[in-house]
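Observations on the model geometry
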Amino acid sequence: MTSSIYILVALGFALVFSVMRIMNFAHGAIYMIGGFVAYNFWVPLGLGPWVSLPLTMLTMGLFGLFIERVCFRPFQKDFEKATVMAVGLIIVLKTGADLTVGPLAKGMPPLVRGSIMTVGVSIPADKLAVLLIVCILLAVLVLFIQKSKFGQAMLAIAHDADAASLMGVNIHRISGLVCATGCALAGLAGGLVGSVLVLDVAIANLMLVKIIAVVILAGIGSIGGIWAGGLLLGAVDALGPYFLPNVIYDPFALALVVLILVIRPQGFFGREM
Amino acid sequence: MLLRTIGLTRYFGGLAAVSNVDMSIDEGQIVGLIGPNGAGKTTLINLISGFLRPSSGSIIFDGHDVTRMKPHLHARIGIGRCFQAIPLFAEFTTFENIVASFYLSADTSLWGSLFNTRRYRRKEKDILKQAEENLEFVGLREVKDELGKNLPHGHQKVLDLAAALAVKPKLLLLDEPIGGMDQDEADLALKAIKRVHAGGATILLVEHNVSVVMGLCDRIVVINYGRKIAEGTPEEVRGNAEVIRAYFGGDYAA
Amino acid sequence: MKRNRVSGFGIVGVIVLLSLAPLFLESYYLHLAILVFIYVMMTSSLRTIYISGQMSLGHAASMAIGAYTSAMLAKHLGWPMWFTMPLGGLAAMIVGVLVGLPFSRLRAIYFSMASLFFGMMVTTLVALAPEWTGHYAGLPAIPRLFGFSKVPYYYFFLALVLLTLLILYRLEHSRLGMTVKSVAQSYLAASSRGINERGIRILSLGIGGFFAGIAGAGYAHYAGFIAPESFGVMPSIFLLVYLLAGGKGSFAGPIVGTAVLYLIPYAMAGFEGYAPFFQAAALFAVLYLIPDGIVGLPRQIMSWVRRLRDRKKAEYAA
C-alpha cells in the first residue's frame with residue numbers, strides 16, 4: 001500500500017516536471033495540505049469519505065491551476081527562480097498548516113473497518129481499500145494519458161515543448177491541467193493516508209524526500225520508471241526497518257539515495273536532462 | 001612535431017565518431033580540418049583539447065602524452081581552444097572575460113588573495129596589462145565594458161579568441177571561428193587569426209567555409225565518417241577525388 | 001557585474017555603532033544581535049558556495065557538524081573551547097570537501113537535491129551515538145564560553161562575524177573570487193582556460209563549510225544546548241531564503257537579508273506564528289518585483305520612478 005501512495009504522489013510530481021520542467025519541491029507540502037483539507041471535509045463537516053475525497057481532489061486541483069498560473073508560469077525557463085518559488089510555497093503552506101491545525105496530529109476514521117483474512121495473514125481492510133482505490137485511479141489515469149487528446153498533448157510537450165506548441169498545442173492550458181492533476185492526486189493521497197495513518201505537519205518533508213527518491217530511482221524525466229521506483233521504495237521502506245535497526249536505517253536510506261544520485265543521476269530509466 | 005595523434009578513436013554507443021585518425025602538426029603551421037557535416041570534426045577537437053576521452057589511441061603534445069588528461073590540464077600545457085557554441089562568462093564584461101581567462105598567470109592562492117601580498121599585486125598588474133593588450137589585439141576596445149551576453153555573435157567569437165590567447169597557447173584549436181559571421185566580422189576574425197599565427201602559435205582550425213580554409217592554411221586534413229580521407233596542401237586536397245566525392249557524392253572529379 | 005559601493009566611512013560608522021551597542025541595549029536585544037551575527041555568518045558562507053554555481057539546500061548541516069563536534073569534544077572530553085571551536089570548523093570543512101568530491105560533478109538541480117538529502121542525513125546521524133549526541137532530544141549542558149552576562153558574548157560574536165566577513169569579502173573580490181564566479185557561469189570556458197572547475201567548486205564547499213562550522217560551534221557554546229531540528233531542512237531552506245531575499249548578487253545581500261528577515265518573528269511579539277508569511281512575502285517580492293533583492297531596492301525604486309517620469313513625459317508630449 002505504501003508503494004501505491006508513493007507512486008500516486010511521485011507521479012504527480014514527475015508529470016509536473018515532465019511537462020513544466022519545474023521541480024515542484026512544494027509537492028510534499030501539497031500532499032500534506034490535501035490530507036488536512038480532506039480531514040476538514042470529512043470530520044468537522046461530517047461529509048464522509050466518499051464525498052470528502054473527491055471534494056479534496058477538486059479543491060487541490062483548483063489550487064494546482066492557481067499555482068501554475070501565478071507561481072510557476074512566470075518562471076518556467078528559470079530553474080533557480082522556480083525552485084525559490086517552490087521554497088516560498090513550502091513556507092507558506094507549512095506555516096498555514098501550523099497555524100490552522102496546530103501541532104496535534106489528526107486522523108480520520110478508516111474507510112472500511114475490519115480486516116480480511118487471506119492466506120493466513122490478516123490484512124487490514126482499510127489499507128486494502130486504499131490500495132484498491134489507488135490502483136483503480138492509476139489505471140484510469142494511464143488509460144486517460146494514452147487514449148485522450150490531453151494525454152497525447154502532455155506527452156508531446158514532455159518530449160519537446162517547442163515542437164508541440166508549433167503544432168498547436170496550448171502549452172499553458174495543458175500545463176495548468178497537469179499541475180492541477182498532480183495536486184489533486186497528491187491531495188487524494190493525503191486524504192487516503194489520513195484515514196489509515198495519522199496526519200501531521202511533519203509528513204510534508206518526509207513525503208518530499210520519498211518522492212524525490214522515487215523520481216531519482218525511476219530517473220528524472222521518466223514516467224514509466226515511477227512504477228518501479230515507487231514499488232521499490234515502498235518495499236524498502238516497509239522491509240528496511242526489519243533488517244537494519246531504525247537508527248541506522250534513516251541515514252543509510254538517505255545516503256543510498258544520494259549515492260544513486262551521484263553515480264547515475266538519470267536513475268534507472270531516465271534520460272539525460 | 002608539436003601534436004601527434006595515433007590511431008585516435010572515439011565511440012558513442014556503437015558508432016565511431018572518430019575512427020583511427022593519425023594526424024600530425026608541426027610547429028608554426030596553420031592546419032585546417034574540414035569535412036562534411038557530422039564527419040567528426042568537433043569530436044576530434046574535443047578529444048585533442050581533453051573534453052572527451054578517446055576510446056582508444058593516443059595524443060602526444062609537445063612530448064607529453066595528454067591522452068587521458070583533464071581539459072584544464074590541457075590548457076595548462078599549452079593547448080588553447082575556442083568553441084563553436086561560444087561559452088562565455090555571460091555576466092562579466094568583455095574586459096572581465098579576458099581577465100578571468102588569465103587564470104594561469106594569476107596568483108590565486110588563499111594567502112595572496114587574503115593578504116594582498118606583493119606577489120599577488122604584481123601578478124594582478126601584469127594580468128591587467130596583458131588583458132588590455134589582448135583586447136587591443138582582437139579589436140574589441142569599444143565594447144570593453146559591455147556584458148558578455150549583450151555582445152553580438154561576431155564579437156563573442158572574437159572575445160572567445162582573445163580569451164583563449166590568455167593561456168598563451170602553443171597550439172590553438174579553433175572550432176568554426178567564423179561561423180555565422182557577416183563579411184566584415186569574418187575579415188576581423190581572420191585578421192586576428194593571422195596575427196595570432198604570426199605571433200608564433202600553431203593553429204588547428206575547423207571550418208565549414210572551404211574557401212577560407214584553402215586560403216588560410218598550410219595543410220589541410222579532410223575527415224569523413226570519422227576517418228581521415230585526405231591530407232596535404234590545399235591544391236592537393238582540392239583535386240583529391242575522394243574529397244570531392246565526400247562533399248558532393250557521386251563522381252564529380254574535376 | 002554590479003558592485004555595491006558602500007562608502008568606507010559608512011562601514012566604519014556601523015562598526016563603531018555596533019561596538020557601542022551594549023552601552024544602551026538591554027540583554028534581550030544583545031541576544032538578538034548575537035543570533036543575527038551567527039546567522040549572518042551562515043548566510044554569507046552559503047553565498048560563498050552559491051557563487052560557485054551550486055545552490056545548497058543543506059547548509060545548516062555544516063552548522064550542525066561544527067556545533068556537535070565542538071560541543072561533544074568540549075563536553076565529553078573536556079577539551080578547551082578555544083581549541084574545539086576551530087576543530088568544529090575544520091570538521092565541517094573536511095566534510096564539505098569530502099561531500100564535494102562526488103557532488104561537484106552534479107549539475108544544478110541534481111546538486112540541490114543531493115544537498116537536500118545530505119542535510120537531512122546529517123540530522124539523522126545523531127541517533128547513531130545517543131550517549132554522545134543526546135539523540136533527537138538534543139545535547140544539553142554544553143560548556144559555555146563566558147559567564148552569565150551577554151556582553152562578552154556580544155563582543156565575541158561581533159568580532160567573529162566581522163572577521164568572517166572580512167575574509168570572505170577579500171576572497172570574493174580577489175582573482176580567486178573572480179575565478180569562482182567564472183566557473184559558475186561556464187564550466188566549459190573555465191576549463192579551457194586552465195581552471196580546474198571541479199576543484200574550485202570543491203574549494204567553495206570547503207570554505208563555506210568551514211565558516212558554517214565555526215558559526216555552529218559558536219552557537220553551541222553560547223546557547224549551551226543544541227538539537228537536530230535547528231539544523232534540519234527548514235533551517236537550511238530559510239538560510240537560502242535570507243540569502244535570496246537579501247540579494248544574491250552582492251556581498252551585502254546575505255547580511256541585509258539575514259538582518260531583516262531573521263528578526264521578523266521577533267518583531268511580531270504574540271504573532272510569531274505568522275512571521276514566515278512575511279518572510280515568504282519578502283521572497284516573493286524579490287522574485288516578482290526586485291530581482292536584485294533587498295539590497296537592490298533603492299536602485300529598483302529609482303528605475304520605477306524614472307519609468308513613471310518617462311511615461312508622464314510621453315503623455316505630455318502626445
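Remember, predicted model here, so these are calculated numbers, not experimental data. Just so you know, the residues in each chain are numbered from 1, in the order the chain's sequence is written. Key to labels: chains lettered from A, ligands numbered from 1, both in the order written. With the structure being a predicted model, the display of local features is reserved for residues of pLDDT at least 70 and the display and counting of side-chain atom pairs for 80 or more, all residues being used for whole-chain, interface and lining totals.

Right, let's get into the overall build of chain B. Counting its regular elements, chain B contains 10 helices and 10 strands. Projected onto the principal axes, the alpha-carbon positions of chain B cover approximately 65 × 40 × 30 Å. Relative to all contacts within chain B whose residues are 6 or more apart in sequence, the contacts with residues 24 or more apart total 66%. The way it works is that DSSP assigns letters per residue, a run of H or I at least four long becomes a helix, a run of E at least two long becomes a strand, and they are numbered from the N terminus. A pair of residues counts as a contact when their C-beta atoms, built from backbone coordinates, are within 7 Å of each other.

A separate point is the domain arrangement of chain C. Residue and element names in this part refer to chain C. An automatic or database domain assignment supplies the residue ranges for each domain. Entries for chain C in the domain assignment read domain 1 (25-231) and domain 2 (234-318). One C-alpha centre belongs to domain 1, the other to domain 2; they are set 25 Å apart. Every contact between the two is made by 19 residues of domain 1 and, on the other side, 18 residues of domain 2. Those elements that place two or more of their residues in the side of domain 1 that touches domain 2 are α2 (27-50), α3 (59-76) and α7 (151-172). Per-element accounting of the side of domain 1 that touches domain 2 gives the leading share, 10 residues, to α2.

Chain A puts 28 residues into the contact, and the matching count from chain C is 32 residues. The leading source of residues in the side of chain A that touches chain C is helix α4 (residues 79-101) of chain A, at 14 residues. Three residue categories are used. Nonpolar comprises Ala, Val, Leu, Ile, Met, Phe, Trp, Tyr, Cys and Pro, charged comprises Asp, Glu, Lys and Arg, and polar comprises the others, including Gly. Across the side of chain A that touches chain C, the residue classes break down as 20 nonpolar, four polar and four charged.

With that settled, the discussion passes to the interface of chain B and chain C. Every contact between the two is made by 28 residues of chain B and, on the other side, 21 residues of chain C. The set of elements that each furnish at least two residues to the side of chain B that touches chain C consists of α2 (71-77), α3 (94-101), α4 (110-115) and α6 (153-165) of chain B. By residue number, the principal contributor to the side of chain B that touches chain C is α2(B), which donates four residues. Here the side of chain B that touches chain C is composed, by residue class, of 17 nonpolar, five polar and six charged.

With that settled, the discussion passes to the sheet that holds strand β4 (residues 56-61) of chain B. Residues and elements named next belong to chain B. Between any two strands, at least two bridges found by DSSP are needed for them to pair. The strand order β2-β1-β4-β5 describes an open sheet built from four strands, whose pairing is antiparallel. Unpaired on one side and paired on the other, β2 (15-25) and β5 (64-65) mark the two borders of the sheet. Between N-to-C directions, angles span 0 to 180 degrees; the directions come from axes that are lines fitted to C-alpha atoms, helices contributing only their stretch in contact. Of the strands in this sheet, β1 (3-12), β2 and β4 touch helix α1 (residues 41-49), which is tilted by about 60° from β2.

On to the packing of helix α1 (residues 8-24) of chain C against α7(C), then. All names here are of chain C. Running from N to C, α1 and α7 cross one another at 165°; their axes reach a closest spacing of 9 Å. With respect to α7, the axis of α1 lies roughly antiparallel. Crossing geometry of α1 relative to α7 is assigned as right-handed. Residues Ile15, Leu18, Ser19 and Pro22 of α1 lie in contact with α7, whose contacting residues are Val151, Tyr154, Leu158 and Leu162. Here the contact of α1 with α7 is composed, by residue class, of seven nonpolar, one polar and no charged. Each angle is binned into one of four classes, with values under 35 degrees roughly parallel, values over 145 roughly antiparallel, values of 65 to 115 roughly perpendicular, and all other values oblique. Each helix crossing is assigned a hand: it is left-handed if the near helix lies turned anticlockwise from the far helix by less than a right angle, otherwise right-handed if that turn is clockwise.

Attention now moves to the sheet that holds strand β9 (residues 219-224) of chain B. Residues and elements named next belong to chain B. In space, the six strands of this open sheet follow the order β6-β7-β8-β3-β9-β10, with mixed pairing throughout. Only two strands of the sheet have a single partner each, and these edge strands are β6 (79-82) and β10 (227-232). Between one strand axis and the next, the sheet turns by 15° as a mean value, whatever way the strands run. Alignment of strand β3 (residues 30-34) against strand β8 (residues 202-206), held across four bridges, turns out to be parallel. In the strand pairing of β8, Gly32 is matched with Leu205. Together, β6 and β7 (171-175) form the strand contacts of α6, whose direction differs from that of β6 by roughly 170°.

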